[in-house]
Structure formats: C-alpha cells, structure tokens
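Structural characterization, general
Now for the letters of each chain:
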Amino acid sequence: NAVGSGERLIRARYVAGCEGSNSLVRKTAGFSFEGERYSGEQFIQADCRIRWALPKGRSYLFLTSVGYLMIIEMPHGVVRIFISLPDAESAGSIAAAQQLGAVESMTEQPTLEEVAHHLSRLSGFACDLSDPIWLARYRTSHRYADRFQKGPLFVAGGAGHVHVPIC
C-alpha cells in the first residue's frame, strides 16, 4: 500500500534491524547500546605505494611502546597502512565519544608526509610513500546492545554491536 511519496506499508511477522549503529529497529525496541570510545588512541590510515628496504609481497606488524603499525600488501603494488597514535582528550573528542558508530571520523586528515614520518619512527625503516588513494584519521568505539531480540524484533550486525576488529 502506498503511504506517501516513496514509502510503502509492509506487514511482516518478523523485523530484523541490520541498519547500523543508528538502528531504528533497536531504538524502537528500546534496547540499550552501551559502550564508549577507546580512549587515548587515534588512528591514521593510508592506501598508497611504498618504497623501502623491506621485501615486497609481505605484510608487516610493528608493536612498540608508543603505538603500533601494520602494513598490509594489497593488489597492484598498493599497501594499506594503519598507525596507532596517542590521542589527547579535548572538548571535541569528549563530545564525539557520544557518537554511536564504531569509527569516528576526525576533521584533520593526515598528510602523506605525516604517515611516512610515523611509519619510519615506528618501524625504524626510512620510506618513500607516493600515489595516495585514501588518507584518513579516526578514533574507534565499541558498543553492544543489551539484547538482540524482543518478540518479533531482532537486531544484527552493526545494529547490535560495533567494534573495530584490530583493537
């Protein structure tokens, strides 16, 4: 049945909310979505090309006392770089902790030079990065619904939990 412009009324025996961290089904069912932002840590990420002393065709993980670095080999000579950095609390970051998603974008995007600096600092290897496809800076969160079913209402995926698998 047509309800309005672009809307339809559908009768269903069950409803599964799989619509992400701002789930209407979860909110309608009254499920809580408790959790918080991982504090003291931010991430920068880049997809680009790399020239350095280490062999191609491999992925690398560097764990240090001041952060960690992952370099993942991807097709066509591109690498994905994840870098964990300390993150100072600020009024903006405290307010952003109220966001429900697993990933909170930050407005200041990293430069390729910044990524190269932190990569060299954490790995101990000089590098030359080029041809960036993607650069991002973000914080991460973890949240879980207090339940996943209420009668015929279900939540799954990001509607029931958000987290970043590498944390």
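Residues numbered from 1 in each chain as written. Predicted model: local features only at pLDDT ≥ 70, side-chain atom pairs only at ≥ 80, totals over all residues. Heavy atoms only, no water.

Quick look at the packing of aromatic side chains
Across all of its chains, the model carries eight aromatic pairs by this definition. Each ring, one from tyrosine 60 and one from phenylalanine 62, has its centre 6.5 Å from the other, and the planes form 20°; the classification is stacked. The exposure classification of tyrosine 60 matches that of phenylalanine 62, with both residues buried. Each member of the aromatic cluster is reached from another via a ring pair, and the members are Trp52, Tyr60, Phe62 and Phe125. (Phe/Tyr/Trp six-rings, centres within 6.5 Å; stacked < 30°, edge-to-face > 60°. Buried < 20%, exposed > 50% of the residue type's maximum accessible area, 1.4 Å probe, protein only.)

Brief notes about the side chain of glutamate 41
Within the secondary structure, glutamate 41 is located in strand 5 (residues 41-52). Within the local environment of glutamate 41, its side chain forms a polar contact with the side chain of serine 84, the two groups lying 2.6 Å apart. For glutamate 41, the contacting residues outside a window of four places in its chain are Tyr68, Ser84, Leu85, Asp87 and Arg139. (Helix = DSSP H or I, 4+ residues; strand = E, 2+ residues; numbered from the N terminus. Polar contact = N/O pair within 3.5 Å; in protein donor to acceptor, adjacent residues only side chain to side chain. Contact = heavy atoms within 4.5 Å.)

Considering helix 3 (residues 112-123)
When the terminal C-alpha atoms of helix 3 are compared, their 16 Å separation across 12 residues agrees well with the 16 Å that a helix rising 1.5 Å per residue should span. Among the residues of helix 3, those classed as buried are Leu112, Val115, Ala116, His118, Leu119, Leu122 and Ser123. Buried residues in helix 3 make contact with strand 5, strand 6 (60-64), strand 7 (67-73), strand 8 (79-86) and strand 10 (127-145). Glycine 124 occupies a position one or two residues after helix 3 and carries a positive phi of about 85°. (Expected span 1.5 Å × (residues − 1).)

Focus: the pattern of salt bridges
Under the definition given, this model contains four salt bridges. One salt bridge in this structure joins arginine 80 and aspartate 47, with 2.7 Å as the shortest N-O distance. With arginine 80 in strand 8 and aspartate 47 in strand 5, this residue pair connects regions lying 33 residues apart in the sequence. Residue classification places arginine 80 among the partly exposed positions, given a relative accessible area of 26%. Arginine 49 serves as the salt-bridge partner of aspartate 131, at 3.5 Å between the closest nitrogen and oxygen. (Salt bridge = Lys/Arg side-chain N within 4 Å of Asp/Glu carboxyl O.)

Comments concerning the sheet that holds strand 11 (residues 149-150)
Strand order in this open sheet of three strands is 3-12-11, and the pairing throughout is mixed. Edge strands, defined here as strands with exactly one partner in the open sheet, are strand 3 (15-17) and strand 11. The pairing of strand 3 with strand 12 (residues 153-155) spans three bridges and is classified as parallel. Each bridged residue has a counterpart across the sheet, and for valine 15 the counterpart in strand 12 is leucine 153. (Pairing = 2+ DSSP bridges.)

What about the pairing of strand 6?
With five bridges connecting them, strand 6 and strand 7 associate as antiparallel partners. Bridge assignment links phenylalanine 62 to a residue of strand 7, and that residue is leucine 69. Two successive antiparallel strands, strand 6 and strand 7, enclose a turn made up of two residues.

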